[in-house]
Amino acid sequence: MRSDHADGPDEHDRGLSHDLPVLARRRMIRLMAGAGLIPLVGCTSEASETSGKAAGGAASAAAEECAAIPEETAGPFPGDGSNGVNVLKESGVVRSDIRSSFGDSAGGTAEGVPLTVTLTVVDAAGDCGTPKEGAAVYVWHCDREGTYSLYSEGATEENWLRGVQETDAKGQVTFTTVFPGCYPGRWPHIHFEVYGSLADATAATGITSTSQLAFPRDVCERVYKTDGYRESGVHLRSLSIETDTVFSDGHDRQLATVEGSPQAGFTAALVVPV
């Protein structure tokens, strides 16, 4: 191993014009809370004296909220032709359920806690309110043991946990997968590349953005207490997202919103401005 729903039907039925601002507000609240910008109820007059500074900080946080997703390394196991094998040109890579291998592979299936990942690709130049329809996203990640298909020993003939999808009118792609494990030296994460079009993705050319999605510690701790994740739990205890080789320079715009349970499975959502 190497380094490298709680919303009800009414919420979903309101459409994209409602969804994107809601996601943005939630993420901005996290930023404001982390920076100490949300005042406590019942504070003394000192709170009113600093309200102007807080408002300025909130405006700054809102501006940062629409910045492009941070560029990150694709790591040593991309499978996009940049480091050996290229899965993007194989028939069958365009799919939503990425748990099993496809094509001429060994035909295995990755086991683990169910996870549904939704990425919403938006235009960073348009206040993050305009979805990028017709773009494409390639995702890949390790299995619950920290193994990467195509590269890791015992998995070189597999291509599970890799797939491509085209963004819809909401700018969204959704993948059915399993919760990734944690291996030495890296915080639990999912890699993704954004392409200008599906044709670009399946030709492995014209990458718009390369980044990574991170998971909250409390969710990881819950998952890693389940069968098959024991080693991941051990590795997680010696790590922190603040000292991770990728996320240590800031992770607020890459930390997924995660809901669910180990029994029912989890959903993870992230807005990806490009």
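Criteria and thresholds
Residues numbered from 1 in each chain as written. Predicted model: local features only at pLDDT ≥ 70, side-chain atom pairs only at ≥ 80, totals over all residues. Heavy atoms only, no water. Salt bridge = Lys/Arg side-chain N within 4 Å of Asp/Glu carboxyl O. Helix = DSSP H or I, 4+ residues; strand = E, 2+ residues; numbered from the N terminus. Buried < 20%, exposed > 50% of the residue type's maximum accessible area, 1.4 Å probe, protein only. Phe/Tyr/Trp six-rings, centres within 6.5 Å; stacked < 30°, edge-to-face > 60°. Contact = heavy atoms within 4.5 Å.

Draft legend 1. Geometry of the pattern of salt bridges. One pass over the structure, following the stated rule, counts four salt bridges. For the salt bridge of Arg 217 with Glu 221, the shortest nitrogen-to-oxygen distance reads 3.8 Å. In this pair, Arg 217 and Glu 221 both sit in helix 6 (residues 217–223), four residues apart, roughly one turn of the helix. When the shortest N-O distance is used, the salt bridge between Glu 231 and Arg 230 registers 2.5 Å. Glu 231 gets classed as partly exposed once you look at its relative accessible area, which sits at 39%. Classification of Arg 230 as exposed rests on a relative accessible area of 57%.

Draft legend 2. The packing of aromatic side chains, seen in detail. As enumerated under the stated definition, the model contains eight aromatic pairs in all. For the ring pair Phe 179 and Phe 215, a centre distance of 4.6 Å and an interplane angle of 45 degrees mean the geometry is tilted. Of the two residues, Phe 179 is situated in the loop between strand 4 (172–178) and strand 5 (189–195) and Phe 215 in the loop between strand 6 (207–214) and helix 6; the sequence distance between them amounts to 36 residues. Like Phe 179, the residue Phe 215 is buried in the burial classification. Between Phe 179 and Tyr 224, the ring centres sit 6.1 Å apart and the planes meet at 80 degrees, which makes this aromatic pair edge-to-face. You can see Phe 179 sitting in the loop between strand 4 and strand 5 and its partner Tyr 224 sitting in the loop between helix 6 and helix 7 (230–236), a full 45 residues away along the chain. Each member of the pair Phe 179 and Tyr 224 is classed as buried.

Draft legend 3. Region of interest: unusual backbone geometry. At Asp 127, a position not held by glycine, the phi torsion is positive, near 60 degrees. Assignment of secondary structure puts Asp 127 in the loop between strand 1 (114–122) and strand 2 (136–140). Non-glycine residue Ala 204 carries a positive phi angle of around 55 degrees. Within the secondary structure layout, Ala 204 lies in the loop between helix 5 (198–202) and strand 6. Residue class for Ala 204 comes out partly exposed when judged on its relative accessible area of 25%.

Draft legend 4. The arrangement of the environment of Ser 105 in detail. Examined against the element boundaries, Ser 105 turns out to sit in the loop between helix 4 (51–65) and strand 1. In the structure, Ser 105 is positioned 52 residues away from Glu 157 in sequence and 5.5 Å away in space, judged by C-alpha atoms. Beyond its immediate sequence surroundings of up to four residues, Ser 105 is in contact with Glu 157, Glu 158 and Asn 159.

Note that every value here comes from positions in space, so none of it alone points to a role or purpose.
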